Amino acid sequence: MKLFVSEGNPHCLKVLAALEVTGVQCDVQYVNHEERVVPFLSRPALPALLLPSGLHLFSSNAICRYLFEVNGQDSSELCNQWLEWEATDLQPALLQALHLAVLQGKGSEVSKVLLGPLNYLDQSLSKGNTPYLTGEAVSVADVVLWAALYPVLSDSSLALGERKSVKTWFDRGAVMHSFQSAAQKVLQGKGLQGMKSYMQRQPAPQSSQCRDTQPCNSSPAEGEENERMVSEEEMEAAALTWSKGLNACPAAANRQHPILPQEGKRNLLVTSALPYVNNVPHLGNIIGCVLSADVFCRYGRLRGWNVLFVCGTDEYGTATENKAREEGLTPQQICDKYHAIHSSIYKWFQIDFDFFGRTTTEKQTEIAQDIFWRLHKHAFLVEDTVEQLRCENCQRFLADRFVEGICPHCSYPEARGDQCDKCGRLINAVELREPQCKVCRQTPVIRSSKHLFLDLPKLETQLEQWLDKSTSSGDWTANAKQITRSWLRDGLKPRCITRDLKWGTPVPHPDFKEKVFYVWFDAPIGYLSITANYTDKWEKWWKNPQQVELYNFMAKDNVPFHSVVFPCSLLGAQDNYTLVNHLVATEYLNYEDTKFSKSRGVGVFGDMAKDTNIPSDVWRFYLLYVRPEGQDSAFSWADMATKNNSELLNNLGNFINRAGMFVTKFFESRVPAMELQQEDKKLLALVGWELQQYIQLMDKVKIRDALKHILNISRHGNQYIQVNEPWKKIKGGDTERQRAGTVTGVSVNIACLLSVMLLPYMPTVSQTIRDQLNAPQSCINTMLQGTGTFVCTLSAGHHVGTVSPLFQKLEMDQIEALKRRFGGQQSTAQRAASSQPAAVPAPAAAVAAEVATVNGVDPEKAKQLTQAVAEQGEKVRALKAQKAEKAVVTAEVAILLDLKKQLALAEGKSPEPAPQKGKKK
């Protein structure tokens, strides 16, 4: 064997290190960068290994793998996954980083480019608990990644940040003689500058726009990224993966209840914040808790994880008592009524709970009282006399949610009796300035009552130790960490756990037998009792922190009770409870430019969504598209229509439908034979990279960002079809017909991949695609294994079913009608008219406001639509310049005309074009 290498080439560092580590006997010949040692390649390719058979290997990773195999060390599946990640994810970032540092002298920017890959590597190493990437011994994956990262990690001037796991792992390799020897041979002791000659011959990489550090609140499909540079190595790796097919992968087994933790599996216990029973959930509630958790659970099951997803209605408290009084029912009857409403709404939204329970059960009383007595036994409860607000008019002590006043900290005028929504600080109701009873609007008086408190200061040290571990090792959202830190920074205070109510879990202590548990002590225990009503082996989930990972999903206002109060209850109980590992909190979703309000008829509530005749999958898609991951976002009817018509109908649906139709129309419903060319391999590599990004983001619960990569794949597919024009090639000679077959076959396989990636987001659409393609069930649990596996699932000869469109256009008149319907009980003009005496002329300003409302003038909406018209116009011009298919251009023009019509309405103009003056003859 003969190995050809060149000095300064970082890829040669890999193969020389592998040669040193394995001790394989091989001649090494140094050549210059331009030497063409592989005769059939049109460009230089180094390193290259000439085998005894006369064949050449010219992929550095393939050479390293070969040397290890010659030495009797076959690559494991995990090892291959790391090699694929290095080639497709790490190398593009490294190429850009080296270009910045070596040729542009911008070493300060390197850390930004490498942030994502290095964080991923660090987290993987810290979770693995082994000294090397794949176990207790050095593997080819360690050698390849060590060598790839050596130029940047060994240069202290780059300031890449402290990552303990990466540093420990890298230092193990850096001290090995074989590794030092290889680095000296390639870099000649010059560090980064030793690669300057090599880097000058490489094409400048396109900026990745810091994709890994992109904030999670950026819109998933706002503009298209520059197309990634794809190396030949990536193309060949993608083609190799593709060629493996489905093999004999068994289909995913149906869930068997009760689901219990399993040895050797990743066991995930997932909860959504329990919705309060007397409220019908609005879209913000749905995306913040149950829908986000549902998407993650569906994804987890696709990944082969053992997932239990529980939720239920929170049914105790004053709000239930009041609602019962309003409707002339008992509290239990109110709970039964609204529990059924919640269940129906979540069923329509396709929320796939393993169990949806409730808190008004014997198990709730049993478990809550047990935790109470344990806290009492370990002296974590204290008694105190509390001054409470009592409404003499209503003849009752007022629960926190029935008191409103001015926040003592930030002066927000609508602070609740337990917390201010503006500054997030906790409040005792008696601290509110100018308090009012929310039921009768009378001013309450202060009365004294003896209560029990959870001694949070006594538990603070334990809590901080646990939080340090959980927030560093788990996936806590930034807002969850920030809110929790602010609580600890202010110092914890004892927290009252009892209330003077009738409807609640009774306090078992004889001195407090007339009281019930405060809802924020009681409600989170509902997670445990709901699980206990699901299975009598509930403790295998809730008292098993060594084997179970707990995910909590919620909106940000619930964070303190899940990160501080509830964990303190469980820590104090000292019964080996499972505490939250991953706390996932969203910001708020607003409605258009205001808040949801059931009383004012503003916004879409869960029981209304199905009456719009818009499929639940489309609701799911749009809510996930605007999911408030990094900052508050807003539901907008106009935006929903635009996203449905552009992203679903014209991008995703258009690609999948065309791919399937080509098979049925041109190839008698049989997938044609495929002979891959470089262009096809490039597409496979691009699609494979998008799949890997999707998996990395979904693993981190970046649900909104991951959706971008699904839409990117269909965009790649549309462009691929447009360039290759199979509808024309099918009419040509044998070569052109073969090309049409390859493009059609590759496209329909991408459609199959999209069906799997869509399953967590749009389960019905996903199933419809697979039914139309007659896709094998095993494709579901094959594609998302490891870092992503895009294989050929529909091989030549596969029979495709009946193909039909997946989505329908949302018309602007339909959307305008829905916007009016959910914009409030009355229009502004109607309210003004009803309150204005007929004989008294309205002031000019009021008249102008009424006219503006009647005419539909909306300056803010007009501003948004102006931008949308400009963007859509640019898209139409680009398609025309590319000579796109007429049907595609026509569809995009229709969207542009709709947007212009909507803009005219928002500006108060007639949407119809002005009549042209006749020309003189």
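Model, not experiment: these values are computed from the prediction.

Here is what the cut-offs are and how they apply
- Residues numbered from 1 in each chain as written.
- Predicted model: local features only at pLDDT ≥ 70, side-chain atom pairs only at ≥ 80, totals over all residues.
- Heavy atoms only, no water.
- Helix = DSSP H or I, 4+ residues; strand = E, 2+ residues; numbered from the N terminus.
- Buried < 20%, exposed > 50% of the residue type's maximum accessible area, 1.4 Å probe, protein only.
- Contact = heavy atoms within 4.5 Å.
- Areas by Shrake-Rupley, 256 points an atom, 1.4 Å probe, with all protein chains shown as cover.
- Pairing = 2+ DSSP bridges.
- Axes fitted to C-alpha atoms, helices over the stretch in contact; angles between N-to-C directions.
- Salt bridge = Lys/Arg side-chain N within 4 Å of Asp/Glu carboxyl O.
- Phe/Tyr/Trp six-rings, centres within 6.5 Å; stacked < 30°, edge-to-face > 60°.
- Lys NZ or Arg CZ within 6 Å of the ring centre and 35° of its normal.
- Core = buried A, V, L, I, M, F, W, Y, C linked by side-chain atoms within 4.5 Å.
- Right-handed = clockwise from strand over helix to strand, strands pointing away.
- Parallel < 35°, antiparallel > 145°, perpendicular 65-115°, else oblique.
- Nonpolar A, V, L, I, M, F, W, Y, C, P; charged D, E, K, R; others polar.

Q: Tell me about the overall build of the protein chain, and please be specific about residues and values.
A: From N to C terminus, the protein chain includes 33 helices and 20 strands. Out of the 921 residues in the protein chain, the part that is buried amounts to 55%. For the protein chain, restricting intrachain contacts to residue pairs at least 6 apart in sequence, the fraction spanning at least 24 positions comes to 77%. Total accessible area on the protein chain stands at roughly 40,000 Å², and carbon and sulfur atoms take up 49% of it.

Q: Account for the sheet that holds strand β2 (residues 27-30), with residues named and values stated.
A: The strand order across the open sheet formed by four strands is β2-β1-β3-β4, and the pairing between neighbours is mixed. Of all the strands in the sheet, just β2 and β4 (56-57) have a single pairing partner and so form its edges. Inspection of the sheet shows strand β1 (residues 2-5) paired to β2 by four bridges, in the parallel sense. Of the residues in β2, the one forming a bridge with L3 is V28. Those strands touched by helix α1 (residues 10-22) are β1 and β2, and its axis lies near 145° from that of β1.

Q: An account of the sheet that holds strand β13 (residues 445-454) is requested, with residue identities and associated values reported.
A: Pairing within the open sheet is antiparallel, and its four strands lie in the order β9-β8-β13-β14. Where the open sheet ends on each side, the last strands, each with one partner, are β9 (396-397) and β14 (495-496). Summarising the sheet, strand β8 (residues 381-391) and β9 pair through two bridges and their orientation is antiparallel. Looking at the pairing, C391 lines up with R396 of β9.

Q: Could you give me a rundown of the pattern of salt bridges, with the residues and numbers involved?
A: Evaluated as defined, the whole model comprises 38 salt bridges. R627 is paired through a salt bridge with E629; the nearest N and O atoms lie 3.0 Å apart. E629 sits in the buried class, given a relative accessible area of 9%. Residues joined by salt bridges that share partners form a network here, namely D370, R374, E539, K543 and D575.

Q: Quick one: what's the story with the packing of aromatic side chains, residue by residue and with numbers?
A: A complete count under the given rule lists 36 aromatic pairs for this structure. Chaining the aromatic ring pairs together yields one cluster made of Y132, W146, Y150, W169, F170 and F179. Geometry around Y132 places R172 over its ring, the cationic atom sitting 5.9 Å from the centre. A cation over a ring is seen here: R499 above Y518, with NZ or CZ 4.0 Å from the ring centre.

Q: Summarise the nonpolar core; cite the residues concerned and give the values.
A: Residues I371, W619, W637, Y694 and Y761 are the most contacted members of the largest nonpolar core, which totals 183 residues. Among the elements that make up this core, the one with the highest residue count is helix α10 (residues 283-302) (twelve residues). Each residue touching W619, except ones within four places of it in the same chain, is listed here: L283, W348, F349, V604, A609, T612, I614, F635, W637 and M640. Of all hydrophobic cores here, the second largest spans 61 residues; its members include V5, L51, F179 and V186.

Q: I'd like a rundown of the environment of V152, residues and numbers included.
A: Along the chain, V152 turns up in helix α5 (residues 140-153). V152 sits in the buried class, given a relative accessible area of 2%. What V152 contacts, discounting residues up to four positions off in sequence, is L94, L98, L114, L158 and L160.

Q: Would you mind going over the pairing of β1 in detail, with residue names and values included?
A: Judged from the three bridges that link them, β1 and strand β3 (residues 48-50) form a sheet pairing that is antiparallel. Of the residues in β3, the one forming a bridge with F4 is A48. In this fold, the crossover linking β1 to β2 by way of α1 has right-handed handedness.

Q: Lay out the packing of α10 against helix α21 (residues 616-625) in plain terms, naming residues and giving numbers.
A: Put simply, α10 and α21 touch, their axes get as near as 10 Å, and they point 100° apart. Here α10 lies roughly perpendicular to α21, going by the angle between them. Across from L283, I286, I287, L291, D294, V295 and R298 in α10, the residues of α21 making contact are W619, R620, L623 and L624. Of the residues belonging to the contact of α10 with α21, the class tally is eight nonpolar, no polar and three charged.

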